[in-house]
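So you can see what is in the structure, the chains are spelled out below.
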Amino acid sequence: MDLIALPAFDDNYFWLLHDGQQALVVDPGDAAPVRAALDRLGLQLASILVTHHHGDHTGGVAELRTATGARVFGPARERIPQPFTPLTGGDEALALGVRFRVIDVPGHTAGHIAYFADAVNGAPLLFCGDTLFSGGCGRIFEGTPAQMLASLDALAALPPDTRVCCAHEYTLGNLRFARAVEPGNAALADYLRHCEALRANGMPTLPSSIGTERAINPFLRSREPAVTQAVRAHAPSATGEVAVFAALREWKNEFR
Ligand code: ZN
Ligand code: FE
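This report concerns the structure included in the present document. From a predicted model like this one, the values you see are computed outputs, not experimental measurements. (Residues numbered from 1 in each chain as written. Chains lettered and ligands numbered in written order. Predicted model: local features only at pLDDT ≥ 70, side-chain atom pairs only at ≥ 80, totals over all residues. Heavy atoms only, no water.)

## Quick look at the pattern of salt bridges
One side chain can pair with another of opposite charge once the charged atoms of both are near each other.
Part 1 of the argument: In the structure shown here, the tally under the stated rule is nine salt bridges.
Part 2 of the argument: A salt bridge links Glu196 to Arg176, with the shortest nitrogen-to-oxygen separation between them at 3.7 Å. With Glu196 in helix α6 (residues 186–200) and Arg176 in helix α5 (residues 171–181), this residue pair connects regions lying 20 residues apart in the sequence.
Part 3 of the argument: Given a relative accessible area of 32%, Glu196 falls into the partly exposed group.
Part 4 of the argument: Between Glu241 and Arg223 there is a salt bridge; the shortest N-O distance is 3.0 Å. Highlighted residues: Glu241 in helix α9 (residues 241–254) and Arg223 in the loop between α7 (210–216) and α8 (225–234), separated in sequence by 18 residues.
Part 5 of the argument: On the accessibility criterion, Arg223 (43% relative accessible area) is partly exposed.
Part 6 of the argument: Among the charged side chains, a network of salt bridges with common partners joins Asp153, Arg223 and Glu241. (Salt bridge = Lys/Arg side-chain N within 4 Å of Asp/Glu carboxyl O. Helix = DSSP H or I, 4+ residues; strand = E, 2+ residues; numbered from the N terminus. Buried < 20%, exposed > 50% of the residue type's maximum accessible area, 1.4 Å probe, protein only.)

## So, the packing of helix α4 (residues 145–156) against α9
Part 1 of the argument: In contact at an axis separation of 9 Å, α4 and α9 are set at 95 degrees when each is read in the N-to-C sense. Classed by the angle they form, the pair α4 and α9 counts as roughly perpendicular. Residues Pro145, Ala146, Met148, Leu149 and Leu152 of α4 touch α9, and the partners they reach there are Glu241, Val242, Phe245 and Ala246.
Part 2 of the argument: In terms of residue class, the contact of α4 with α9 is built from eight nonpolar, no polar and one charged. (Axes fitted to C-alpha atoms, helices over the stretch in contact; angles between N-to-C directions. Parallel < 35°, antiparallel > 145°, perpendicular 65-115°, else oblique. Contact = heavy atoms within 4.5 Å. Nonpolar A, V, L, I, M, F, W, Y, C, P; charged D, E, K, R; others polar.)

## What to know about the coordination of the zinc ion (ligand 1)
For a metal bound by four donors in a tetrahedral arrangement, the ideal donor-metal-donor angle is 109.5 degrees, while six donors in an octahedral arrangement ideally sit at 90 or 180 degrees.
Part 1 of the argument: Protein-derived ligands of the zinc ion (ligand 1) are His52 (NE2), His54 (ND1), His108 (NE2) and Asp130 (OD), with the metal-ligand distances lying across 2.2 to 2.3 Å.
Part 2 of the argument: In this structure, the zinc ion (ligand 1) is coordinated by four donor atoms arranged in irregular fashion, with angles at the metal of 87 to 172 degrees.
Part 3 of the argument: Look at where the donors of the zinc ion (ligand 1) fall in the sequence and you get H-x1-H-x53-H-x21-D.
Part 4 of the argument: If you look at the zinc ion (ligand 1) and the iron ion (ligand 2), they sit 3.3 Å from each other and are both ligated by Asp130. You can see His108 sitting in the loop between β8 (98–104) and β9 (113–120) and its partner Asp130 sitting in the loop between β10 (123–129) and β11 (132–133), a full 22 residues away along the chain. (Donors = N, O, S within 2.8 Å, 3.2 Å for Na, K, Ca; no water. Tetrahedral: all angles 85-135°; square planar, octahedral: opposite > 155°, others 65-115°.)

Structure, rendered in structure tokens:
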């Protein structure tokens, strides 16, 4: 199986997984780059996996379904282009012969889901949309901070070697914020240098891994004493783990 990040818009990735003949694509916000990749690689699109309803993740679904007959899977609690197979946490989606387990990850949107497979080419694979980014997390538009924290906890509990396929290339901006939060984190400093070199060569910083994110992502580390203290220095009224997490997210929203 080959895993490819198709760049789209300013900073989206549409993840394409294929076996040389059939493909699945995740969150195709635009049909054109997907159709171009299918043509170039001689692939037939079998499945479309959607994580949440935002247009930059769903805008190409109807055209791709019409053009290819692909089966669409998506979040049961959200409005996405019909028809689709509705999924909620604990459900399974079988695509390209891979069994994906669905995880509910509300927060960015109310019904956001993620797709996890135990072993694709020998390692676990996660498609997490706009919930977990490398070095960051999605903005909390529809859910609550408590929901987003629980969603990130569920993803952080996946195996450390899980490849994390996020829907946006936000890594460098996220890591500059992470460094402001946790200036003493040596793993973070190393990872920032590594990602800067990748971007300087025009390469994606993704997929990341759960192990890496646990070491460097402040939104998976809000209970670490260094992170909690930095948040409290910034927002002294934040007490309790949800309030600290919420204050961390607010701090990122205003960070330049
Ligand atoms: Zn989104
Ligand atoms: Fe998005």
